[in-house]
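Residue strings, one per chain:
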Amino acid sequence: MPVQDYQAVIGLEVHTELNTATKLFCGCVNEFGAEPNTNVCPVCLGLPGSLPVLNAAAVDAALRLAEALGFRVPAQSLFARKNYFYPDMPKDFQISQYEEPILSDGSLDVDGTPVGIERAHLEEDTGKTVHVGGGGRIHEADHSLVDYNRAGVPLMEIVSRPDLRSSEQARTYVAELRAVLRAIGVSDVKMEEGSLRVDANVSVRPVGSEAFGTKVEVKNMNSLRSVGRAIDFEIERQVGQLDSGERVVQETRHWDEADGSTHSMRVKEGSSDYRFFPEPDLVPVAPSDEQRARVRASMPELPAARRARMVGEWGVADADAQILLNVEGLADYAEAAVAVLHGGTPRDVAHWCTGAVQAFLRETGTTPAVLALAPDGLAELVDLVADGTLSRSQAQDVLGECLREPKRPRQVIAERGLAQLSDEGELASVVDRVLAENPDVVTQYRDGDAAERKKKRGFLMGQAIAATSRQGNPKVLGDLLDQRLST
Amino acid sequence: MSRSITRAEVEHVARLARLALSDEELDGFARELGVILEHAEDLAALDLDDVEPTAHPLPLVNVLRPDEVRPSLDRDEVLGQAPAVEDGRFRVPRILDAP
């Protein structure tokens, strides 16, 4: 059967590192990129006798997510030990949540379709291993090196229901979830730094079938783009297998960005072999009504509502609002510019943000927060277009320079003598002078037919624009000229 | 209803725990673990319908700490305890065999 006769069934597990100041169970700094093994202590090194104590900020983060995605918060949740032998955890177990997660039954709207989220739970991240020899591949390595700075960093694992049906939907889900996590301020959500990681459970079934096919877990997707590519590859691979009469094997596969395909990973231990049991060193978490009320009162506007406001009040296209929200800090930047507009429109602010500003951010890998052009500088530019000082194409040039150099639009205009001259009084005297200097042309215009008039008007316009050193606003000059020629 | 633990189950659990047990030890643990399981099954005879399951014996919830940084250990001291070190990291033997 061709691919379109199959339906894909996709569920996503998103791991997001929380941006708390400290780790989940100890006071070591939670930061990316520190010198190896400098943020470690007896708790996160699993030294005998050390005891974990839960970080209150991680519980707050979970409660914020509960407010954002409508999760149920059970009266109590428990931590559990997940036992396994792998040197990325010095304790030989990871503290996670198993049967009683802190959040259950949430949902996220993906292009108008509610996607169920089964659960979200807190757990500690593992250390980082580097494999030495054998090209850095674990199977061929001579030995491995471990850095425990990341061991114990708080993670929230968010597990969707198998409600997604295409790679496109899966990408949108991740983008939306990322926007929510960023908006509620609980994570940096940087996929390239590993603070947001996505695993996908993918299966296929004939269209119309109710039963699920055999699912395959795909790991190691490091960007939104690779989430889409890996799922598409996996769907095609599974359809190909079914079509050639083979069975899909339940397994974990590794996405290889370079060769654009998934590879079978050797099975480590099945989930029943993790021997989960309640963590004896941590007591249950039971968020109080007061705590939940406090969190509720501090919730920011969520991306969906913000997008609706940008579309409704600013008159921005939905796709553009999406860009503003999906690029880190861009919506805040645009809002800050809109707040100080004098004459320009929010829609124009959005136009430049999704255009030149976004392109510049992508090119340079920077964020709006560190742009040389502060939001009020962009507002200045938008206002200068609105009041006719700059044409749009001039504004494009000015903006380009302001993004590259720490300069304000007015400064660039002054330096380049760019400003469009729009002052009506000033332009009126220019027009009057041009008419006075060319009485013959005026006479020929008045006596001429339509073609002759058009020609003479063009000549006079050219003279007028030249007389303003090409800075006169053509529309204002034209209006003034027509006014005088018609009397 | 009594259920004894098989030798194969002991072998499996020992493998998961990376324990190398001799034949005598396997037999011994099968017997001892069987006794422990039987003891746990005594509980099944009790009527516990009105008892809430508990994961902890203490009537305590929400033992939390504020999100405040505390000093970490000195790296040289930490790595000084390790049997092997390379590049500021713990050096461990090859993790998986070649496929």
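Residues numbered from 1 in each chain as written. Chains lettered and ligands numbered in written order. Predicted model: local features only at pLDDT ≥ 70, side-chain atom pairs only at ≥ 80, totals over all residues. Heavy atoms only, no water.

1. Quick notes on the pattern of salt bridges
Residue and element names in this part refer to chain A. Our working rule: Here, a salt bridge means any Lys or Arg side-chain nitrogen found within 4 Å of an Asp or Glu carboxyl oxygen. Secondary structure counts use DSSP, requiring at least four H or I residues in a row for a helix and at least two E residues in a row for a strand, with both numbered from the N terminus.
Tallied over the full model, the rule gives 39 salt bridges over all chains. A salt bridge links Arg-484 to Asp-432; the nearest nitrogen and oxygen atoms lie 2.4 Å apart. Here Asp-432 lies in helix 12 (residues 424–437) and Arg-484 lies in helix 15 (residues 474–485), a separation of 52 residues in the sequence. In this structure, a network of salt bridges that share partners links the residues Glu-301, Arg-306, Arg-309, Asp-332 and Glu-335.

2. Examining the nonpolar core
Residues and elements named next belong to chain A. Inclusion rule: In this text, buried Ala, Val, Leu, Ile, Met, Phe, Trp, Tyr and Cys residues form a nonpolar core when linked through side-chain atoms within 4.5 Å. Exposure is judged per residue with a 1.4 Å probe applied to protein chains only, and the accessible area is read against the type maximum: over 50% gives exposed, under 20% gives buried, and values in between give partly exposed. Throughout, a residue-residue contact means that at least one pair of heavy atoms, one from each residue, lies within 4.5 Å.
Core analysis: the largest hydrophobic core is formed by 85 residues, its most contacted members being Leu-12, Leu-65, Ile-158 and Tyr-173. Once you skip the residues sitting within four places of it in the chain, Ile-158 turns out to touch Leu-12, Glu-13, Val-14, Thr-16, Leu-65, Ile-117, Arg-119, Ala-120, Tyr-173, Leu-177 and Leu-181. If you look at the next biggest cluster of nonpolar residues, it comprises 38 residues, including Leu-325, Ala-356, Val-357 and Leu-371.

3. Describing the interface of chain B and chain A
As a reminder, the rule being used: Throughout, buried area stands for the accessible area (probe radius 1.4 Å) lost by two parts on being put together, summed over both. The definition of a polar contact used here is a pair of N or O atoms within 3.5 Å, where within protein one atom must be able to donate a hydrogen and the other to accept one, and adjacent residues in sequence count solely through side-chain atom pairs. Side-chain classes are defined by residue name, with Ala, Val, Leu, Ile, Met, Phe, Trp, Tyr, Cys and Pro counting as nonpolar, Asp, Glu, Lys and Arg as charged, and the others, Gly among them, as polar. When DSSP finds two or more bridges between two strands, those strands count as paired.
Facing 36 residues of chain B, the contacting portion of chain A comprises 57 residues. Here chain B meets chain A over a buried area of about 3,900 Å², counting both sides, of which 61% is carbon and sulfur. Between the two partners, chain B and chain A, sit two salt bridges. Note that Glu35(A) and Arg75(B) form a salt bridge whose closest N and O atoms lie 3.9 Å from each other. Where chain B meets chain A, there are 23 residue pairs in polar contact (both at pLDDT 80 or more). Listing elements by their share of the side of chain B that touches chain A, those giving two or more residues are helix 1 (7–16), strand 1 (64–65), helix 3 (75–80) and strand 3 (89–93) of chain B. The element that contributes the greatest number of residues to the side of chain B that touches chain A is strand 3 of chain B, accounting for five residues. Class assignment for the residues of the side of chain B that touches chain A results in 19 nonpolar, five polar and twelve charged. Pairing of strand 2 (residues 54–55) of chain A with strand 1 of chain B, which is carried by two bridges, proceeds in the parallel orientation. Within the sheet, the bridge partner assigned to Leu54(A) lies in strand 1 of chain B and is Leu64(B).

4. Focus on the packing of helix 5 (residues 303–314) of chain A against helix 7 (residues 330–339) of chain A
Residues and elements named next belong to chain A. Let me state the cut-off plainly: Interaxial angle, 0 to 180 degrees, is taken between N-to-C directions of lines fitted to C-alpha atoms, where a helix line uses only the stretch in contact. Left-handed is the label given to a crossing in which the near helix is rotated counterclockwise from the far helix by less than a right angle, and right-handed is the label when the rotation is clockwise.
It is at 13 Å that the axes of helix 5 and helix 7 come closest, and there the two elements cross at 35°. As for how helix 5 packs across helix 7, the hand of that crossing is left-handed. Contact residues: helix 5 offers Arg-306, Arg-309, Met-310 and Trp-314, while helix 7 offers Ala-331, Asp-332, Ala-334, Glu-335 and Val-338. Classifying every residue of the contact of helix 5 with helix 7 by side-chain character gives five nonpolar, no polar and four charged.

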